[in-house]
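In case you want the letters, here they are:
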Amino acid sequence: MELGPPGGSGPAEPGPRLRGLRGADAAASASSLSRFGAEAGCRAPAVAAVLPAGGSGERMGVPTPKQFCPILERPLISYTLQALERVSWIKDIIVAVTRENMETMKGIIQRYQHKRISLVEAGVTRHRSIFNGLKALAEDQPNCRLSKPEVVIIHDAVRPFVEEDVLLKVVTAAQEHGASGAIRPLVSTVISPSADSCLDHSLERARYRASEMPQAFLFDVIYDAYQQCSDYDLEFGTECLHLALKYSHIKAKLVEGSPDLWKVTYKRDLYAAESIIKERISQKVCVVMDTKEDEEHVGHCLEEMLKTELNHVKVTSGQDLQQIILEQCYNFVCVNVMTSDFEETQRLLNMVEESNLSILYPVVVISLFVRPPQTTILPFCISFSWEWS
Ligand SMILES: Nc1ccn([C@@H]2O[C@H](COP(=O)(O)OP(=O)(O)OP(=O)(O)O)[C@@H](O)[C@H]2O)c(=O)n1
Ligand SMILES: O=P(O)(O)OC[C@@H](O)[C@@H](O)[C@@H](O)CO
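Notes on the structure follow. Small disclaimer: the values here were computed from a predicted structure and weren't measured.

**Points about the side chain of threonine 125**
Then comes step 1: Structurally, threonine 125 can be placed in the loop between strand E5 (117-121) and helix H4 (126-135).
Then comes step 2: Residues contacting threonine 125, with those up to four places away along its chain left out, are Leu234 and Glu235.

So this is what it looks like as structure tokens:
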């Protein structure tokens, strides 16, 4: 059964397109698919994503299903959604969650202002959850209010580090081959045990790869496969690419993925994910200026200096800060130029504090005064002043 917005029936209407992808980002993201399509000699397809998120996380060994476990006070699944939402050419994101976790999921969508999300009920296995997600996109289903995509991405909700480039690769490959999936070199050798738990034989590791996510399919290829799927496969299968081969006779194109595509499965994976997120946040600073004029002068001077040390510096003034905060975890540097009081900065600091988002380090406030420096200590931030000559 598909659940939609409160009081609705069928999948929730996809939210309004992300306003947060600012002009440059959105243009870059949108053009990337059309450019990629052009290079591959095909037009940009309509793309949707299905995220199975209905598991119980038994191997994690904690009461909370791992997709809802917090990393820096933010649920793991929210990072995955944020990663997919940065890709403007994914038009709908279907998340399969259990009925008991539906309200939790709706709360996460609301708190972090996730857009383009529709919720469906998960199944008792991962394949059944994925199948329910696909049904939400198939126009042959009653109450279906989402349009059928040409290509559908399938990505585990517990794989938060997915970037646009690998999504672009699997989607473009799926458009050409019918199916595509990210792979990684094996770390351990695969062996086959005999009935008495002794070594029967081992596989030559170099000849094999680990199947990861994201995967992408021409929608009809994977939907037909799931419709023909045996109960055994739905119950015990773990590989969507195998279903496309077995039932739709499509050999997926395999795409080398980055090391960060791994699936959060055990508690150690959660610790690893947290350290990666901390490392990424510490490399991202947003410089907030009072005015556009300050942004163009002081802000860009600061940006040139910071760029030598960090890999992502955003300078802004007066933009929708709430959206910036939700779009990307930043450390913030607020710069007051010629401002005699901190009202503007206090407003921003209050917003950052109220957003409860993971801010790794204290917010830094730089006050540039022509007049003698004024020292004002603000909560959870470091404030220092220097004279701007
Ligand atoms: N009935 C299920 C089982 C799993 N999943 C999802 O499939 C993804 C990958 O599955 P896995 O890592 O096995 O998650 P769990 O089944 O939760 O983990 P475990 O096997 O340790 O219980 C996860 O996002 C999980 O939420 C799902 O949507 N529906
Ligand atoms: O079997 P699990 O549900 O733990 O994980 C699913 C994984 O097998 C799957 O995500 C990749 O191997 C790609 O198919």
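**Re the sheet that holds strand E7 (residues 179-185)**
Then comes step 1: In spatial order, the strands read E5-E4-E1-E6-E10-E7-E11; together these seven strands make up an open sheet with mixed pairing. Single-partner strands in this sheet number two, and they are E5 and strand E11 (253-256). Shown here is a sheet whose adjacent strand axes are inclined to one another by a mean of 25°, direction ignored.
Then comes step 2: Along the sheet face, helix H3 (residues 102-111) touches strand E4 (90-97) and E5 and points at about 175° away from the line of E5.
Then comes step 3: The strands touched by H4 within the sheet are strand E1 (47-52), E4, E5, strand E6 (151-154) and strand E10 (209-218), with E1 carrying the most contacts at an inclination of about 150°.

**What about the nonpolar core?**
Then comes step 1: Of all hydrophobic cores here, the largest spans 37 residues; its most connected members are Ile77, Trp89, Ile90, Val95, Met105 and Ile153.
Then comes step 2: Broken down by secondary-structure element, the contributors of at least two residues to this core are E1, helix H2 (76-85), E4, H3, E5, E6 and helix H5 (164-177).
Then comes step 3: Counting residues per element, this core draws most heavily on H5, at seven residues.
Then comes step 4: Ile154, Leu234, Leu241 and Ala244 belong to the second largest nonpolar core, which has 32 residues in total.

**So, the pattern of salt bridges**
Then comes step 1: Tallied over the entire structure, the rule returns 16 salt bridges.
Then comes step 2: Here glutamate 303 makes a salt bridge to lysine 307, at a shortest N to O gap of 3.4 Å. Taken together, the positions of glutamate 303 and lysine 307, both in helix H10 (residues 292-307) and four residues apart, correspond to about one turn of that helix.
Then comes step 3: The buried category is assigned to glutamate 303, whose relative accessible area is 10%.
Then comes step 4: The exposure class assigned to lysine 307 is partly exposed, which follows from its relative accessible area of 44%.
Then comes step 5: One continuous salt-bridge network, built from bridges that share partners, spans Arg126, Asp156, Arg159 and Glu212.

**Side note on the layout of surface pockets**
A water-sized probe, rolled over the atoms, reveals where empty space remains.
Then comes step 1: Volume-wise, the largest pocket comes out at about 830 Å³.
Then comes step 2: Sorting the residues of the lining of the largest pocket by element identifies H4, E10 and helix H7 (231-236) as the ones contributing at least two each.
Then comes step 3: Considering every element that reaches the lining of the largest pocket, the biggest residue donor is E10, with four residues.
Then comes step 4: Classifying every residue of the lining of the largest pocket gives seven nonpolar, 13 polar and ten charged.

About the thresholds
- Residues numbered from 1 in each chain as written.
- Chains lettered and ligands numbered in written order.
- Predicted model: local features only at pLDDT ≥ 70, side-chain atom pairs only at ≥ 80, totals over all residues.
- Heavy atoms only, no water.
- Helix = DSSP H or I, 4+ residues; strand = E, 2+ residues; numbered from the N terminus.
- Contact = heavy atoms within 4.5 Å.
- Pairing = 2+ DSSP bridges.
- Axes fitted to C-alpha atoms, helices over the stretch in contact; angles between N-to-C directions.
- Core = buried A, V, L, I, M, F, W, Y, C linked by side-chain atoms within 4.5 Å.
- Buried < 20%, exposed > 50% of the residue type's maximum accessible area, 1.4 Å probe, protein only.
- Salt bridge = Lys/Arg side-chain N within 4 Å of Asp/Glu carboxyl O.
- 1 Å grid on protein atoms, 1.4 Å probe; cavity = no way out; pocket = protein on both sides within 12 Å on 5 of 7 lines; lining within 4 Å.
- Points joined across faces, edges and corners; volume = space filled by probe spheres on them.
- Nonpolar A, V, L, I, M, F, W, Y, C, P; charged D, E, K, R; others polar.

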